[in-house]
Every structure is written in structure tokens, then in C-alpha cells.
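Report on the structure
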Amino acid sequence: MKIGLPKEIKNNENRVGLTPQAVKSLTKTGSKVFVQKGAGIGSGFADKEYIKAGAKIVNTAAEAWNQEMVVKVKEPLDSEYKFFKPGLLLFTYLHLADNLPLTKALLNKKVTGVAYETMRENGALPLLAPMSRVAGRRSAIIAATFMQSHHGGIGLLIGGVDDNNPKNPGTEKGLILVVGGGVAGYNAATTAMGLGANVVILERNPERVKQLKQDSKLNTLSKVFKNKLVADISTPANINKWIAQADALVSTVLIPGAKAPKVITTAMVKKMKPGSIIIDIAIDQGGSVETITHSTTHDKPTYKVHNVNHYAVANMPGATSRTATVALVNATTIFAVELAQKGIKGASKCPVINSGINTYNGKLTNKPVAEALHISYTPIDSLLK
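Described in the following lines is the structure provided in the data block.

Here's the deal with the sheet that holds strand S9 (residues 229–233)
- Spatially, S9-S8-S7-S10-S11-S13-S12 is the arrangement adopted by the seven strands of the open sheet, whose pairing is mixed. One side of each edge strand has no neighbouring strand; the edge strands of this open sheet are S9 and strand S12 (302–305). If you compare each strand with its neighbour and ignore which way they point, the axes differ by 20 degrees on average.
- Pairing geometry for strand S7 (residues 175–179) and strand S8 (residues 198–203), over five bridges, is parallel. By the bridge assignment for S8, Val178 is matched with Ile201.
- Strands in contact with helix H9 (residues 236–243) are S7, S8, S9 and strand S10 (248–251); relative to S7, the strand with the most contacts, it is inclined by about 160 degrees.

Regarding unusual backbone geometry
- You will see that Lys110, though not glycine, has its phi angle at about 55 degrees, which is positive.
- Of note, Lys110 is situated in the loop between helix H4 (100–108) and strand S6 (112–115).
- Its relative accessible area of 41% is what places Lys110 among the partly exposed residues.
- With a phi close to 50 degrees, Asn361 is a non-glycine residue in the positive phi region.
- For Asn361, the position within the fold is in the loop between strand S14 (357–360) and strand S15 (363–364).
- A residue is classified by how much of its surface remains accessible, and Asn361, at 46% relative accessible area, is partly exposed.

Definitions and limits used
For every chain, the first residue of the written sequence is number 1, and numbering continues from 1 onward in sequence order. It should be noted that, the model being predicted, local features are given only for residues of pLDDT at least 70 and side-chain atom pairs only at 80 or more, the latter also being counted only at that level, while totals for whole chains, interfaces and linings use all residues. Water and hydrogen atoms were dropped before computing side-chain values, which therefore reflect all heavy atoms in the structure. At least two bridges found by DSSP between two strands are what make those strands a pair. Only runs of H or I of at least four residues qualify as helices and only runs of E of at least two qualify as strands under DSSP, and these elements are numbered from the N terminus. Only C-alpha atoms enter the line fits that serve as axes; for helices the fit covers just the stretch in contact. Angles between N-to-C directions range over 0 to 180 degrees. Pairs of residues are marked as contacts when any of their non-hydrogen atoms sit within 4.5 Å. Exposure categories follow from relative accessible area, calculated using a 1.4 Å probe and restricted to protein chains: below 20% of the type maximum is buried, above 50% is exposed, and the middle band is partly exposed.

Put into C-alpha cells, the structure is as follows:
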């Protein structure tokens, strides 16, 4: 199969869809890979590394897109829709539930869209999890950054200062409220605790709450850094209780494929401290905070509503592009090889790939996306018989 690797064009998106090692895995099986010039530079991969791995460098995005299969990181932007064509196999994050124009463009051009974020394996999300880890960890660092006064923050050092002098009580620590105890939430919590913050995690699944309370890493961090850890059920009452005390809120609530539910209301935001910060990791799926009305960019990452900073960058992991690219491609390569070797019909026999097919031959084949966008849903298996 002929595979294209275009350069990402989203604001400050420095990740790349394939590493040279992944290209080597693909060319070994007989595929030909066409890499747009400079596509990997932002992640530290030079063109010569792709050539050594067996790829051909092409000068333009059009050449990279004009292949049987295209592998990307982020969803195509409207300037890339012109490259769509019937039968194109697109393997990338799509996040269609909050993106009607992209969905219509894929359907109109009969593009087969396989979305990383909806691929499931034994209930887990193997291609969403790597970036959830990165975004979760980055959210704690972002919280620490935007607590600083020159960023319009509350003026706190996230972990406070404690010189272990019993006669000196030290200074207050920041309180980070994490809503959602999944992969992103857990990584936000552990990183925030490692920075010395007090952390409250609210999670709707009682069994997961129990796991968080007993988690050895969280409890060790609490002992080492002498910070508070609270894990409790996520309810409106508990969010209301803690949000007024929080210096930073990290919302990680996400329903794979579907539009994110608005669990943080405007009334809740109004209770937050002036200068506090909200970080919405679910912004790719429309966001889970009522007062976040649009996504932001790394160039202009925040805006204020009710005197609270709102951070809604839709490609958070892109700022740590080398780490994020390697983590993502380590997970995607095996499926890219499967798609390249067998095509969509053969590869769809793999349940994980089957669950990632969002569009096929002009039909929308992901039910949560169809419900979010009010478009007719067609089961993929009925189209691939």
C-alpha cells in the first residue's frame, strides 16, 4: 500500500504521525511511504532518518495526501479537505462528535476514517491512553504555571514552601481538583502530588474511587510530600464543595466518541477563587465545562470568564512533541501495519480496528458520533459484508 505522511498544520502541532522506526516497520512489509519534507522536524526526526528507514521525501502536502492511506496525528483542518478523495483510508485522531464540517467532508468524499480515540481493546482505549497520560501530566504543570502572578494567576507556588522547621509552619500548598479518575485524571493527580500540591480526585465509579484511595503511588507521594489526597464520588454536591477551595481545576471527563458532558456548570465556576485556573482536557470532544465556549491555541492558551482563567488548548500533548510522538506511534504502529497489509476490509476483522471506523463509503459508522451530530448511523459490519 502507498502511505502518505503529511506535516501537521494545527497551531503549534509539532507531533508527527509516524516515526522513522514505524516507517521501517511499514516498508518491511512491502508498503511505500511518502513523507512530506520536514514533517518530523518538530519532533526531532530529520528527513534523512525517514529516507534511511525506506521512505521517499515529497515536497508538498498534496503529494503526501495523494496516496491510498494517510497517517496523521490531529484531525484534518478545513484547508486539508481539498485532499480528500473516495476510497482514501485516513488513520488519525478525528474527534468528530464536535466537528460537523469535518464529518460532512469525510462523508461527502467517501473517505474511510479510522479514529484513534474510538478504538477499543477489552474495554480500554489503547490509542487514546498514551495522549491521556501526556495531557494529564501536562495539566499539572500547566496549573503550576498559570498559578503564577504574571500569568494572571493566584500567585501560589503549587507545592508551597516547607523548610521542615517546627517553628516555621511554611506556606500554603495549592489545591488541585481533578474531576475524573481515569488515565488522564490519575496522571494529573500523581504529577500534581509530585509537585507538592494537595489533590482532590472526584470519580463517578465507586470501584475506581476505592482503587484510587488504595493506590500505592498516590499514597507514597502523599507521605513523601506531606500533602493531602482525597478521593471521592463525583457528584454535583462534591464538585460544589471542592471547587470553591480549588486553586486549579482539571476536568478530564470524556465519553469515547461522544460529545463530552458539561459536568462543570457556570454556577460552579462563579464559586472559584479570582485568578484560579481551569484546564479542560476534554476540549477535543467539545469540553466538559460550560464556560469554555471555544478551544484555544498554544500561542494564546487562556481567556478569563468570571475572573477565572480558562485553558482549552485542543492539542495539549503537542507542546511535548518528542515524548508525545514516540508514545503515540509506539501504540499506533501495529494497527497501521495491519491496515496497510490487509486494507480496511481485511483489517476490520480485528475488533480493535473495527471499533475505530467512524466513516466508510459515505456512511457514518460510529453510533456516539451519529447521536451527537444527529446524523443517520450505519453499523460498519453491514457495509463490509
